[in-house]
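Analysis of the macromolecular model
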Amino acid sequence: MPERKAHDASDETLGRSELGRLAAIVAAAWAVPGLGHILLGRVQRGLLFAMLIWGSFALGLAHEGRLALRDPRQPVLSSLQVVANLGVGPADVAARIGVYGKPVYRFQGAPDWRSEDRVERIFRERARSGVSIYGTAYLWTAGLMNLLLLFDVWDIGKRRKD
Amino acid sequence: MRSHFLHMVIYATIVSTFFATMFRDTPKGRLRLGGILWLAMVGGALALAYVMYPFPR
C-alpha cells in the first residue's frame, strides 16, 4: 500500500524535539479543549471544537450531570465513567471542587445510600434530579470528544492528516 | 429544561457537528456528513418511537 508507506516515512522524519513538542501540544489539547488544533495552526477548527466541548460541558453542569466517583462495587464501569469525566482536563477538577467541595474521585468504601457523608449526599441528590440523565450525557460526551481530539491532534502533528 | 426531544436535538447537533468537522475538510463535505449524522440520530429516534408507540409497556 503506497499510501501507508508514505505515512510511515513522514513518521520517521519527526525528530525527538518535534515529538517532544507534539507531546506538549497533546497535553495542552487535553488541558484546554481546542487548544491543540489552534497550536497546530487549525484555528477555526480548534475554536469550533472548543465551542462544542465547552458548550457540552456547560450544559452538563447546568443540568446537574453526574461527576462520576469510582465505586468499589462496580470498579470497571465506574472507573470508565471517571475517565470520561476527566477527558475535559482540569476543568473536571474545578467542577468537582465546585460541586463536592474537593477534587474527589472515589467513594470512601462501598457507598451507602443513607450515608450523611457530604460527597455521597451531594452525589445522591444530583442523581435524583430529573435532568441529571441529560447532564450526565453532556458531561461524558464533552470528555470523550476531547479524548478523541487528542488522537486527531497527534495525527495532524505526525502529518498523517491535514 | 426538561424536554427530552429538545435535548435529543441539541445533543445530535453537537455530536454531528463534531464528527463532521473532524472527518471532513470542506464545508460541503461537513454539511453533508453532519446532515446525515443528525438525520440518523434524530430521525432514527423518531422512527423507533413511532414503531414503539403501540407498545407503551
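The paragraphs below set out a description of the structure included in this document.

Rules and cut-offs
- Note on numbering: residues in each chain are counted from 1, in written sequence order.
- In the order they appear in the text, chains get letters beginning with A and ligands get numbers beginning with 1.
- Reporting of local features is limited, given that this is a predicted model, to residues whose pLDDT is at least 70; pairs of side-chain atoms are given and counted only at 80 or more, and all residues count toward the totals for whole chains, interfaces and linings.
- In DSSP terms, a helix is any run of H or I states spanning at least four residues, a strand is any run of E spanning at least two, and both are numbered starting from the N terminus.
- The globule rule used for comparison is 2.2 Å times the number of residues to the exponent 0.38, while the radius of gyration itself is calculated over C-alpha atoms.
- The exposure label follows from counting other C-beta atoms within 10 Å of a residue's C-beta, where the C-beta atoms are placed from the backbone and the thresholds are 20 or more for buried and 12 or fewer for exposed, leaving partly exposed in between.
- This entry defines residue contacts through backbone-placed C-beta atoms, with two residues in contact when those atoms are within 7 Å.
- When residues are grouped by polarity, Ala, Val, Leu, Ile, Met, Phe, Trp, Tyr, Cys and Pro land in nonpolar, Asp, Glu, Lys and Arg in charged, and all others, Gly among them, in polar.
- Structural elements are reduced to axes, namely lines fitted to C-alpha atoms, with helices fitted over the stretch in contact, and the angle between N-to-C directions of any two is expressed from 0 to 180 degrees.
- Convention used here: angles under 35 degrees read as roughly parallel, angles over 145 as roughly antiparallel, angles from 65 to 115 as roughly perpendicular, and any remaining angle as oblique.
- Working rule for handedness: look at the near helix, and if it is turned counterclockwise from the far one by less than a right angle, call the crossing left-handed; if clockwise, right-handed.
- Residue count minus one, scaled by 1.5 Å, sets the expected span of a helix.
- Picture the helix axis, draw a direction to every C-beta atom, and the arc is the one those directions span.

Below, the discussion takes up the overall build of chain B. Each helix and strand counted, chain B has two helices and zero strands in total. For chain B, the C-alpha radius of gyration of 14 Å lies well beyond 10 Å, the compact-globule estimate for 57 residues. Along the first, second and third principal axes, the C-alpha set of chain B runs to 45 × 25 × 10 Å. Per-residue burial over chain B gives 14% buried out of 57 residues.

In terms of helices and strands, chain A carries eight helices and zero strands. When the elements of chain A are put in sequence order from the N terminus, they spell out α-α-α-α-α-α-α-α. Oriented by its inertia axes, the alpha-carbon framework of chain A measures out at about 60 × 30 × 30 Å. Residues counted as buried form 31% of the 162 residues belonging to chain A. Of the contacts formed within chain A by residues at least 6 apart in sequence, a portion of 67% connects residues at least 24 apart.

The next point concerns the interface of chain B and chain A. It is common to report an interface's size as the accessible area lost on association of the parts. The interface of chain B with chain A comprises eleven residues on the first partner and 14 residues on the second. A breakdown of the residues in the side of chain B that touches chain A according to their chemical character gives six nonpolar, three polar and two charged.

Residue and element names in this part refer to chain A. By the secondary structure assignment, glutamate 64 is in the loop between α4 (43-62) and α5 (75-86). Among the residues examined, glutamate 64 registers 22 C-beta atoms within 10 Å and is labelled buried. Spatially, the C-alpha atom of glutamate 64 lies 9.7 Å from that of phenylalanine 123, the residues being 59 residues apart in sequence.

The next thing to look at is the packing of α4(A) against helix α1 (residues 4-23) of chain B. With their axes 10 Å apart at the nearest point, α4(A) and α1(B) run at an angle of 155° to one another. In terms of their interaxial angle, α4(A) and α1(B) are classed as roughly antiparallel. The interaxial crossing formed by α4(A) with α1(B) has left-handed handedness. The residues of α1(B) that touch α4(A), namely those facing A:Arg45, A:Leu48, A:Phe49, A:Leu52, A:Gly55 and A:Ser56, are B:Ile14, B:Thr17, B:Phe18 and B:Thr21. Considering only residue class, the contact of α4(A) with α1(B) consists of five nonpolar, four polar and one charged.

The next thing to look at is the environment of A:Ser115. Residues and elements named next belong to chain A. Within the element layout of this structure, serine 115 appears in the loop between α6 (90-100) and α7 (118-128). The partly exposed category is assigned to serine 115, around which 16 C-beta atoms lie within 10 Å. Separated by 17 residues in sequence, serine 115 and glycine 98 have C-alpha atoms that sit 21 Å apart.

This part covers helix α2 (residues 16-31) of chain A. Residue and element names in this part refer to chain A. Helix length check: α2, at 16 residues, gives a terminal C-alpha distance of 23 Å against a target of 22 Å (1.5 Å per residue), a fit within 8%. All of the buried residues in α2 are Ile25, Ala29 and Trp30. Viewed end-on, α2 has its buried residues packed into an arc of 140°, placing them on one side of the element. Exposed residues pointing more than 90 degrees away from the buried face of α2 are listed as Arg16, Ser17, Gly20, Ala23 and Ala24. Against the buried residues of α2 lie α3 (35-39) and α8 (132-157).

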